[in-house]
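Listed below, chain by chain, are the residues.
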Amino acid sequence: MKTAIVTGVTGQDGSYLAELLLSKGYRVIGLKRRTSLINTSRIDHIFSHENLSLEYYDLEDSGCIYKLIHYYEPDEIYNLAAQSHVRVSFDMPEHTVNGVAIGPLKILEAIRNMNLCDKIKFYQASSSEMYGDNPEYPFNETSRLMPASPYACAKVFAHNIVRNYRESYGIHASSGILFNHESPRRGETFVTRKITLAAARIKLGLQDQLCLGNLDAKRDWGHAKDYVVAMWKMLQKISPSDYVISTGETHSVKEFLEEVFDCAGLDPYKYLKIDARLFRPHEVPYLLGDSTKARKELSWTPEHNFKTLAKDMYEADYKQMLNSEGRYGHIEKALRGAI
């Protein structure tokens, strides 16, 4: 039985990855931050799985990762933990950089110093935000990186340090340059989930306004469930490398808004308010990925498209709002068949 450590297991990607690895017979050691609130909702359905263990972990605690590697002797480590909100990184740049950039470096150093370079395979979550406002799209593994936020700058460092340790010390370390990937498990502060949740609440009469920032930003949006498959496939390769993971299509925030509200049977512009406070200080206008390398070398193809992603997210939020603690059960009959 293989053992995998997954940092950030309670996040969107971590929860889907844990599911995938458990389905493949892995023992999964999920690492999460110590918080005063129980934050395991995304993994509650697998919480009691006999091959899942949870441990506390802090990106800034070097001793913690040494202890966990020594105790569990993992075959694979997937580093997904970090402050991942681009807009927030402008408000908290030091905190963001400490986790996003230094966190993976500490794991790589642990692997190197424990003489496990030929025994542990390492995956780093890189980001399409690294390309920033580079106008020469679509972006592939060799495209110029022009980060436009503290988050993206930190991701560039992490991406380069992974390559450096791979080439300098022979660590089986791969980075997945993941373009935007969403799901019903996306955090509620991210624009896609903010839109789907608002559409569901407006449909149920629980909300009457949706505040958004820049509607013109274009992104290559995929489904997180598809993207974690690519992560796993990278660590099954004999030779490590970096891979762009994307759908090859780009859509604006405005298009996503219209698609979701169309699923709800609503006119979004009756409820929309543009809030200047939600604009980024430095916006990335256009992201489009070229995942040719991953499709050829990993035999990876996404199963979801833009429309099925929007529909999946909206319907999940609608059902969640409808059934939340039974508060809206009394209107279920009246609304049955609405989606």
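Residues numbered from 1 in each chain as written. Predicted model: local features only at pLDDT ≥ 70, side-chain atom pairs only at ≥ 80, totals over all residues. Heavy atoms only, no water.

A. Local environment of the packing of helix 6 (residues 191–203) against helix 10 (residues 306–323). Where helix 6 meets helix 10, the closest approach of the two axes is 8 Å, and the angle between their N-to-C directions is 50°. Classed by the angle they form, the pair helix 6 and helix 10 counts as oblique. By crossing handedness, the relation of helix 6 to helix 10 is classed as right-handed. Listed contacts from helix 10 to Thr192, Arg193, Thr196, Leu197, Ala199, Ala200, Arg201 and Lys203 of helix 6 are Ala310, Met313, Tyr314, Asp317, Tyr318, Gln320 and Met321. (Axes fitted to C-alpha atoms, helices over the stretch in contact; angles between N-to-C directions. Helix = DSSP H or I, 4+ residues; strand = E, 2+ residues; numbered from the N terminus. Parallel < 35°, antiparallel > 145°, perpendicular 65-115°, else oblique. Left-handed = near helix turned anticlockwise from the far one by under 90°. Contact = heavy atoms within 4.5 Å.)

B. Main features of the packing of aromatic side chains. The tally for this structure, following the rule as stated, stands at 13 aromatic pairs. In textbook terms, an aromatic cluster arises when at least three aromatic residues are bridged by ring pairs, as seen for Tyr131, Tyr137, Phe139, Phe179 and Tyr286. In this structure, Lys293 is placed above the aromatic ring of Tyr243, and the distance from its NZ or CZ to the ring centre is 4.8 Å. (Phe/Tyr/Trp six-rings, centres within 6.5 Å; stacked < 30°, edge-to-face > 60°. Lys NZ or Arg CZ within 6 Å of the ring centre and 35° of its normal.)

C. Expanded view of the state of the cysteines. Here the structure, examined in full by the defined rule, presents zero disulfides. The closest cysteine sulfur to the non-disulfide-bonded Cys117 is located on Cys64, 20 Å from its own sulfur. On the basis of relative accessibility, which here comes to 16%, the residue Cys117 falls in the buried class. (Disulfide = S-S within 2.5 Å. Buried < 20%, exposed > 50% of the residue type's maximum accessible area, 1.4 Å probe, protein only.)

D. Fine view of the side chain of Asn51. Along the chain, the position of Asn51 falls in the loop between strand 2 (27–32) and strand 3 (52–56). Those residues in contact with Asn51 that sit more than four places away from it in its chain are Met1, Leu22, Tyr26, Arg27 and Val28.

E. Layout of the pattern of salt bridges. A complete count under the given rule lists 13 salt bridges for this structure. We note a salt bridge from Glu188 to Arg193, for which the minimum N-O separation is 4.0 Å. By relative accessible area, Arg193 is classed as buried at 5%. Taking the shortest distance from any N to any O, the salt bridge between Lys311 and Glu315 comes out at 2.7 Å. Of this pair, Lys311 and Glu315 both sit in helix 10, four residues apart, which is roughly one turn of the helix. (Salt bridge = Lys/Arg side-chain N within 4 Å of Asp/Glu carboxyl O.)

F. Spotlight on the sheet that holds strand 4 (residues 76–79). Within the open sheet, the seven strands sit side by side as 3-2-1-4-5-6-11. Their pairing is parallel. This sheet does not close on itself; its edge strands, each paired only once, are strand 3 and strand 11 (243–245). Averaged over all neighbouring strand pairs, the angle between strand axes comes to 20°, with direction disregarded. Pairing between strand 1 (residues 3–7) and strand 4: four bridges, direction parallel. Across the sheet, Thr7 pairs through a bridge with Asn79, a residue of strand 4. On top of the sheet, helix 2 (residues 62–72) reaches strand 1, strand 2, strand 3 and strand 4; it is set at about 155° to strand 3, its chief contact. Sitting on the sheet, helix 5 (residues 150–169) touches strand 5 (121–127) and strand 6 (172–178), and the angle it makes with strand 5 is about 150°. (Pairing = 2+ DSSP bridges.)

G. Looking closely at the confidence of the model for the chain. Considering every residue of the chain, the mean pLDDT works out to 92; 95% of them sit at 70 or more. Every residue in residues 328–339 is under pLDDT 50, and counting partners more than four places away or in other chains gives 17 contacts. (pLDDT = per-residue confidence, 0-100.)

H. Spotlight on unusual backbone geometry. Of note, the amide linkage connecting Tyr137 to Pro138 takes the cis form, showing an omega dihedral of 0°. Phi is positive for Asn115, which is not a glycine, with a value near 55°. Mapped onto the elements, Asn115 comes out in the loop between helix 4 (93–113) and strand 5. Note on Asn115: relative accessible area 63%, which makes it exposed. If you check the backbone angles, Ser299 has positive phi at about 55° while not being a glycine. A residue is classified by how much of its surface remains accessible, and Ser299, at 54% relative accessible area, is exposed.

I. Quick look at helix 1 (residues 12–23). Look at helix 1: 17 Å from first C-alpha to last across twelve residues, which is about the 16 Å you get at 1.5 Å a residue. A large share of helix 1 lies buried, amounting to ten of its twelve residues. Residues of helix 1 that are buried include every one of Gln12, Asp13, Gly14, Ser15, Tyr16, Leu17, Ala18, Leu20, Leu21 and Leu22, and no others. In the stretch just after helix 1, Gly25 is the one whose phi turns positive, near 85°. (Expected span 1.5 Å × (residues − 1).)

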